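Commentary on secondary and tertiary structure
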Amino acid sequence: MPAPRQPCRACGRDEPVLADRSDGAVVRHGTAVAKAHAPGTDPDGHRIRLAVAAHPRLAGILLPPLPLPSGTHDVHGRPVTAWPYGTPVDPADPDAAPWEDAAVLLARLHSVAPGELPGPLPPMRGPAKAALAVARMRAAANDHPAAAASPVQRAWERLPAWARAEAPAPRSGTLCHGDLHLGQLVRHPAPDGPWLLIDVDDLGLGDPTWDLARPAAWYAAGLLPPEIWQRFLGAYTAAHGPAVRGDADPWPQLDVPARALTVQTAALALAKSAAEQRDLDEVEEIMIDACARIAALPPELEFESWS
């Protein structure tokens, strides 16, 4: 299905809409894309995140922003940024997904010393996004049977306060992406340049294991094959990423963030399916089942016990 289009206010052409969500709308304009960020975006944190993306120390890791003409930085109270267009990961070709490239980029990002960058750097927003997902699920609770939402809620309550954005993370001094998934990579220059990370809305200081947690959660839930997970983790440790040790069991570090991303994914599935008035799909059911396994575990059991 072709992407929807909307008229460009500058030139009048109809341009493809690449994303249109409450937390960000992205429209392509020739060789560039414009993004309207979420309402209520913190202006100071936003400014610093953009400066980090443009900093030479992040060259080859983060896609840098493009300069905007004066007077075009805000639309209806939402900050607007411009970026070079890059070729995204092809969802129709999962075998070509750049797991190793993503892992190496994360390892390089996590190895950047915060003192080399503009600051003060804001906190990484990963736990805050998980909390927002659970809030969305609660708001939609009347549209789902209690049997669907309750294991997600119980799994959420089992998490420590830092993973629910209620306390500082025990490891909080690493530069993190905050929302790593395959949709956050593009090739630039398009169509076949090197892979780069995009979307700095959640970037900041935090626990680097959070950036590994989504693929870890998918692996534990049975959605990511073991060989792909091992490729991803092996590439990260080979690139000297600091989140986990290459010579030790990674699960003690990954356990809490992976559970949190499982809850976040399941909560969003419930909220979205309620808003769209549809049944849960197979993948969404798998994530909710994973939450049920987490919720049923004795507190002392580790990550591998619910995989």
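Worth saying up front: this structure is predicted, and the values here are computed from it rather than measured.

1. Quick look at helix H5 (residues 209–221)
Along its 13 residues, H5 runs 18 Å from first to last C-alpha, staying within 8% of the 18 Å computed at 1.5 Å per residue. Helix geometry: H5 is bent most strongly at proline 215, by close to 35 degrees. Of all 13 residues making up H5, 11 are buried, and the element is well covered by its neighbours. Thr209, Trp210, Asp211, Leu212, Ala213, Arg214, Pro215, Ala216, Ala217, Ala220 and Ala221 are the residues of H5 that are buried. Taken from the residues just after H5, glycine 222 is the one with a positive phi, measuring 90 degrees.

2. Some details on the sheet that holds strand S9 (residues 185–187)
In spatial order, the strands read S7-S9-S10; together these 3 strands make up an open sheet with antiparallel pairing. Each edge of the open sheet carries a strand with a single partner, namely strand S7 (87–88) and strand S10 (195–197). As paired elements, S9 and S10 share 3 bridges and run antiparallel to each other. Across the sheet, residue leucine 185 finds its bridge partner in S10, namely leucine 197.

3. What to know about the pairing of strand S4 (residues 32–37)
Extensive coverage of S4 is indicated by the burial of 5 of its 6 residues. Where S4 meets strand S6 (residues 78–84), 5 bridges bridge the pair, whose relative direction is antiparallel. Within S6, the residue paired with valine 33 across the bridge is tryptophan 83.

Criteria and cut-off values
Position labels on residues start from 1 in each chain and follow its written sequence. Local features are withheld for residues below a pLDDT of 70 in this predicted model, meaning they are given only at 70 or higher, and side-chain atom pairs are given and counted only at 80 or more; totals for whole chains, interfaces and linings count all residues. With hydrogens and water set aside, each side-chain value is computed from the structure's full complement of heavy atoms. Helix numbering and strand numbering both begin at the N terminus, where a helix is a DSSP run of H or I of at least 4 residues and a strand a DSSP run of E of at least 2. The length a helix should cover is 1.5 Å for every residue beyond the first. Two axes define the bend at a residue: one fitted to the seven residues ending there, one fitted to the seven starting there, and the bend is the angle between them. When accessible area is computed with a 1.4 Å probe and restricted to protein chains, residues below 20% of their type maximum are described as buried, those above 50% as exposed, and intermediate ones as partly exposed. DSSP bridges decide pairing: two strands pair if at least two such bridges lie between them.

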